[in-house]
Amino acid sequence: GKGKGKGKRPQEPEGPPDEIEEIGEAEHHCEDELVCKCTNSRVPHFNARIFLENKEEIGKVDEIFGPINSFYFSVKPSEGIKPDSFKKGKKLYIDTMKLLPMSRFLPQPPMSGGKGKGGKGKGKGKGKDKGKGKSKGDDSKTVIIKGLSYDVQEETFK
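Computed from a predicted model, the values in this text were never measured in an experiment.

1. Some points on the sheet that holds strand E1 (residues 20-30)
Strand pairs in the sheet, formed through backbone hydrogen bonds, run parallel or antiparallel to each other.
Now for step 1: Around the barrel, 6 strands lie side by side as E1-E2-E6-E5-E4-E7; this closed barrel has antiparallel pairing. For this sheet, the mean angle separating the axes of adjacent strands, direction not counted, is 45°.

Below is the structure:
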């Protein structure tokens, strides 16, 4: 039959989302898609469903393009939806859960002063060695050097 062996299970129609928020405005149609200007500060997921205000699904996000401070996205219309039927400026909506913060797409500043990994490593070392030190009693002198413990009396690393 048709569609066998593709590993895709038949798609069940999803119900309308609990909450929607404005994602953008229709600009114009191009080929078989609707080009929209994003008016939300967050970024839509690819393939996220796009709705009218009444939660009627009109299509899915296909491409995202343009400069990050004023980007556009295209909508691949659902069956029976004509991309040329939307007037410029028509508000479009998206499931609130299908938005990502812009920070996910921007370079992240390095962790505070580059202490990230080093600090963690030293912390772990100290924790382990404190436990060992106590079991011997307070007269043993253990020095921690870069996560290794050095017993001063026995002159050995542990």
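2. Concerning the confidence of the model for the protein chain
Now for step 1: Looking at the protein chain, pLDDT values average 80 and 64% of them are 70 or higher.
Now for step 2: Per-residue pLDDT stays below 50 along residues 118-124; that stretch engages in 0 contacts with residues further than four places along the chain or on separate chains.
Now for step 3: Contacts from residues 131-136, a stretch scored under 50 in pLDDT, to residues over four places away or in other chains number 3 contacts.

3. Considering the environment of Asn54
Now for step 1: Relative to the helices and strands, Asn54 resides in the loop between strand E4 (49-51) and strand E5 (57-65).
Now for step 2: Considering only alpha carbons, one finds Asn54 and Tyr93, 39 residues apart in sequence, at a separation of 9.3 Å.
Now for step 3: Separated by 2.9 Å, the side chain of Asn54 and the backbone nitrogen of Glu56 make a polar contact.

4. A few points about unusual backbone geometry
Leave glycine aside and you will find that most residues have negative phi; peptide bonds, for their part, are mostly trans.
Now for step 1: Of note, Glu31 is a non-glycine position whose phi angle comes to about 50°, a positive value.
Now for step 2: With respect to the helices and strands, Glu31 occurs in the loop between E1 and strand E2 (33-38).
Now for step 3: Residue classification places Glu31 among the exposed residues on the basis of a relative accessible area of 73%.
Now for step 4: For Asn47, which is not glycine, the phi dihedral falls at a positive 65°.
Now for step 5: Here Asn47 is to be found in the loop between strand E3 (43-44) and E4.

Cut-off values and rules
- Once a new chain begins, its residue numbering starts again from 1 and follows that chain's sequence as written.
- Local features in this predicted model are restricted to residues of pLDDT 70 or higher, and side-chain atom pairs are both shown and tallied only at a pLDDT of 80 or more, whereas totals for entire chains, interfaces and linings draw on every residue.
- No hydrogens and no water enter the side-chain calculation; it runs on all heavy atoms of the structure.
- Only strands joined by at least two bridges in the DSSP assignment are considered to pair.
- Numbering of helices and strands starts at the N terminus; helices are DSSP runs of H or I of at least 4 residues and strands are runs of E of at least 2.
- Fitted lines through C-alpha atoms give the axes, limited to the stretch in contact for helices. The angle between two N-to-C directions lies from 0 to 180 degrees.
- The pLDDT value expresses, per residue, how confident the predictor is, ranging between 0 and 100.
- Pairs of residues are marked as contacts when any of their non-hydrogen atoms sit within 4.5 Å.
- The definition of a polar contact used here is a pair of N or O atoms within 3.5 Å, where within protein one atom must be able to donate a hydrogen and the other to accept one, and adjacent residues in sequence count solely through side-chain atom pairs.
- Exposure classes here rest on a 1.4 Å probe applied to the protein chains alone. A residue is buried below 20% of its type maximum, exposed above 50%, and partly exposed in between.

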